[in-house]
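One letter stands for each residue in the lines below.
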Amino acid sequence: MQTNPAEGNNQNPNPKTDSNNLASFAGLPYSQQKTDSEGGNSSPEIQELDITAAEEQSQQEARWDIAAERIWKSGNAIDYIVNSIHRFHVGDNTAITAMLLSYAATRILNGDGIHISLSGSAGTGKSHSATTTADHLPQSGYIDARISNKALFYHDIQPRTVLIFDDQELNEEIQEVIKIASSNWTHSAKYLTVSNQKPVERTLPPMCPFWVIKANLTGDEQVLDRQLVLWTDESDEQRAAVQMAIFRKALNPDAAEDRGTVEISRRIWKHVPVNAIVKIPYADAIQCDIMMDPRNIKLFIGIIQAIALMHGPDRQTKPEVINPNPNPDGASDTQQRADAAEITATFQDFAEACRLINPLLQNKGGSQRLKLSRTASNLLDSLVAAGESREYSFGELRHLTKMSAALISQALYGRQDTATNGLLALCPALEVVTNTIKTDNGNGTITQKSVIWNNNLYGIWRGGRSIFYLRDDVLRDAIGEMRTEEEREKLDKINQELLSREHATDADTAPAE
């Protein structure tokens, strides 16, 4: 999927121009029309205006429906929705794309789902990116509210509903629910309790992805293993873009907010098969490090499947069968699979999935393999950049990393309240020791903690081919089968970038002779 070169624009002062550009995906002119009428007056003139407004609204909705269908058939659904989101939210392209694929994965019967963990510093747009993305889903497709572990089982939650945990601590009970729901993705999670001294069985419906949005990583290792671990963009370029968006909004506060692209995006989902079986014919040629976590492999497969599904009818080998008289109690698993659309993933889908997950596996934009917070990753980067194995006092670490003592402590020790491990529990290259030091006058002693850093041991721990790639012979076939020269060059470039980056990483982290 293409990324937006401008990385979005928050409250563009000329939204109508943006709408025209986005509507060109469908080959339609986009006409912004005012549809709200001033109620409360029953005069003939006002009644006529009301009828006119209703007609205009009906015509507008018809245009949105036509645009959504054409965009779906073009295979550009994800590109269109991402670009629409960027009209309201600046940057975070990877996180936004991942969240859309997470929802798309709820339609795939032979998948394992895609859960999201998005973390970042205060004020970096975590919540806004999630709510803006959810706004582009069907209105019944998500729940954004504070949710207790019991409420998950007692509320009428429908299957395939995104559950957004925004700035909410995951207590032990909720973490257990996430583990059960993700391990039994296509089946309901059961909860046995007692009501009026009688046994009661409650269920959480199947195929409900969790989006956990928090300043710090939250959840134990088993929870994080089941999620795509993403960070918000905190680069200087991102901060500058956000500031510019704020200034533009202040410059033109009366600019009308054109939500036509949001309405089109919501309607696109009506065309996505509700039940799909996605086949990856080259799956046995996908390569990765022998130590790759199997859950990361399943997530990668799920990303390929979701991308293939969202590329529209071009990937379908059999359309979905819509039952005109559905069973009110729900179709059986066998019937669902028999009626499901059949999708075949292409090499292009593989290449797009690599572009999303491989940087996360290398601690760029997230930490899929090591499950590190951004703070912990920055601390390690600073120690690696220093280039030597040695002992650091905490004062020297503050100077080296430009972090506060509290942040360094959190990176090293983790957070007990969220069961999140720190670097001391994850990385064998770090050790904290306590030294006894004589006072300046020699009449006493004090204790002082310091950190021992082993650069060679870090290279061993960090090493390994932490990317997905294709076996050489299949890669040659893949390049040859691309439909256009541009696609062939893109896949070749992706693989060359990945391999060169991995070789560079191996060289940087290799133990010294």
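Refer to the structure above for everything that follows.
No experiment lies behind these values; they were computed from the predicted model shown.

A.B. asks: Looking at this structure, I do not really get the packing of aromatic side chains. What am I missing?
C.D. replies: Any two aromatic rings considered together are summarised by their centre-to-centre distance and by the angle between their planes. Taken as a whole and judged by the stated rule, the model has eight aromatic pairs. For the pair Phe 165 and Phe 210, a centre-to-centre distance of 5.7 Å together with 25° between the ring planes defines the contact as stacked. On the criterion of sequence distance, the pair formed by Phe 165 in strand 3 (residues 162-166) and Phe 210 in strand 6 (residues 210-214) is long-range, its members being 45 residues apart. Assigned by exposure class, Phe 165 and Phe 210 land together as buried. Between the aromatic rings of Tyr 458 and Trp 461, the centroid separation amounts to 5.9 Å while the plane-to-plane angle is 50°, which identifies the pairing as tilted. Placement of both Tyr 458 and Trp 461 in helix 18 (residues 455-462) is noted, with a separation of three residues, approximately one turn of the helix. On the basis of relative accessible area, Tyr 458 is assigned to the buried category, the value being 7%. Ring pairing ties together the aromatic residues Tyr 282, Phe 300, Phe 347, Phe 350 and Phe 468, which thus form one cluster. Just above the ring of Tyr 392 sits the side chain of Arg 390; from NZ or CZ to the centre is 4.1 Å.

A.B. asks: Help me understand the pattern of salt bridges in this model?
C.D. replies: Working definition: two side chains of opposite charge can pair if their charged atoms are close together. Scanning the model with the defined rule gives 15 salt bridges in all. Between Arg 266 and Glu 263 there is a salt bridge; the shortest N-O distance is 3.6 Å. Linking Arg 266 with Glu 263, this pair stays in helix 10 (residues 260-268), spanning three residues, or about one helical turn. In terms of burial, Arg 266 and Glu 263 fall into one category: buried. By sharing partners, the salt bridges in this structure join Asp 65, Asp 135, Arg 259, Glu 263, Arg 266 and Arg 267 into a single network.

A.B. asks: How should the pairing of strand 7 (residues 227-231) be read in this particular structure?
C.D. replies: Regular strands place side chains that alternate from one sheet face to the opposite one. Buried residues dominate strand 7, accounting for five of its five residues. Residues Gln 227, Val 229 and Trp 231 point to one face of strand 7 and Leu 228 and Leu 230 to the other, with burial holding for every one of them. Pairing of strand 1 (residues 115-119) with strand 7, which is carried by five bridges, proceeds in the parallel orientation. Bridging from a neighbouring strand, Ser 117 pairs with Val 229 of strand 7.

A.B. asks: Even after reading the chapter, I still don't get unusual backbone geometry, so can you show me in this structure?
C.D. replies: Trans peptide bonds make up most of the peptide bonds, and negative phi angles are found at most residues other than glycine. At Arg 160, a residue that is not glycine, the phi angle is positive and equals roughly 70°. Of note, Arg 160 is situated in the loop between helix 6 (151-154) and strand 3. In this model, Asp 167 sits at a positive phi of 55°, which is unusual for a non-glycine residue. Within the element layout of this structure, Asp 167 appears in the loop between strand 3 and helix 7 (172-183).

A.B. asks: Just to check I follow, could you spell out the nonpolar core for this structure?
C.D. replies: When a protein is soluble and globular, its nonpolar side chains tend to lie buried together. If you look at the biggest cluster of nonpolar residues, it comprises 69 residues, and the most contacted ones within it are Leu 228 and Tyr 282. Counting residues per element, this core draws most heavily on helix 11 (residues 294-310), at nine residues. With sequence-adjacent residues up to four places away left out, Tyr 282 is seen in contact with Ile 304, Ala 345, Thr 346, Phe 347, Asp 349, Phe 350, Leu 470 and Val 474. Listed in part, the 20 residues of the second largest apolar core include Leu 379, Leu 380, Phe 394 and Leu 430.

A.B. asks: How should the sheet that holds strand 2 (residues 142-144) be read in this particular structure?
C.D. replies: Whether parallel or antiparallel, the strands of a sheet pair through hydrogen bonds between backbone atoms. Within the open sheet, the five strands sit side by side as 2-3-6-1-7. Their pairing is parallel. The two strands at the open ends of the sheet, each matched to only one other strand, are strand 2 and strand 7. Adjacent strand axes in the sheet meet at a mean angle of 15° when their direction is disregarded. Sheet topology places strand 1 next to strand 6; four bridges connect them, and they run parallel. The partner of Ser 117 across the bridge, within strand 6, is Val 212. Sheet contacts for helix 4 (residues 93-104): strand 1, strand 3, strand 6 and strand 7; angle to strand 1, the most-contacted strand, approximately 160°.

A.B. asks: Hey, could you run me through the sheet that holds strand 11 (residues 341-344) in this one?
C.D. replies: Read from one edge to the other, the open sheet built from three strands follows the order 8-11-10, with strand pairing classed as mixed. Each having just a single partner strand, strand 8 (276-279) and strand 10 (316-318) make up the two edges of the open sheet. Taking the axes of each pair of neighbouring strands and ignoring which way they run, one obtains an average angle of 30° across the sheet.

A.B. asks: Help me out: how do you make sense of a nonpolar patch on the surface in this one?
C.D. replies: Side chains of Val 242, Met 244, Ile 246 and Phe 247 sit close together on the surface and give an oily, nonpolar patch of about 370 Å² of accessible area. Its location among the elements puts Met 244 in helix 9 (residues 236-251).

A.B. asks: What is the right way to read the packing of helix 3 (residues 77-85) against helix 4 from this model?
C.D. replies: Packed helices, taken two at a time, are described by their axes: the angle between them and the distance between them. At a minimum axis distance of 10 Å, the contact between helix 3 and helix 4 shows a crossing angle of 130°. As far as their axial angle goes, helix 4 and helix 3 are oblique. The handedness of the crossing between helix 3 and helix 4 is right-handed. Touching Ile 78, Ile 81, Val 82 and Ile 85 of helix 3 are Asn 93, Ile 96, Thr 97, Leu 100 and Leu 101, all from helix 4. The class makeup of the residues in the contact of helix 3 with helix 4 is seven nonpolar, two polar and no charged.

Conventions adopted
Residues numbered from 1 in each chain as written. Predicted model: local features only at pLDDT ≥ 70, side-chain atom pairs only at ≥ 80, totals over all residues. Heavy atoms only, no water. Phe/Tyr/Trp six-rings, centres within 6.5 Å; stacked < 30°, edge-to-face > 60°. Helix = DSSP H or I, 4+ residues; strand = E, 2+ residues; numbered from the N terminus. Buried < 20%, exposed > 50% of the residue type's maximum accessible area, 1.4 Å probe, protein only. Lys NZ or Arg CZ within 6 Å of the ring centre and 35° of its normal. Salt bridge = Lys/Arg side-chain N within 4 Å of Asp/Glu carboxyl O. Pairing = 2+ DSSP bridges. Core = buried A, V, L, I, M, F, W, Y, C linked by side-chain atoms within 4.5 Å. Contact = heavy atoms within 4.5 Å. Axes fitted to C-alpha atoms, helices over the stretch in contact; angles between N-to-C directions. Patch = residues over 30% accessible without salt bridge, like charges linked within 9 Å, V, L, I, M, F, W, Y side chains within 5 Å. Areas by Shrake-Rupley, 256 points an atom, 1.4 Å probe, with all protein chains shown as cover. Parallel < 35°, antiparallel > 145°, perpendicular 65-115°, else oblique. Left-handed = near helix turned anticlockwise from the far one by under 90°. Nonpolar A, V, L, I, M, F, W, Y, C, P; charged D, E, K, R; others polar.

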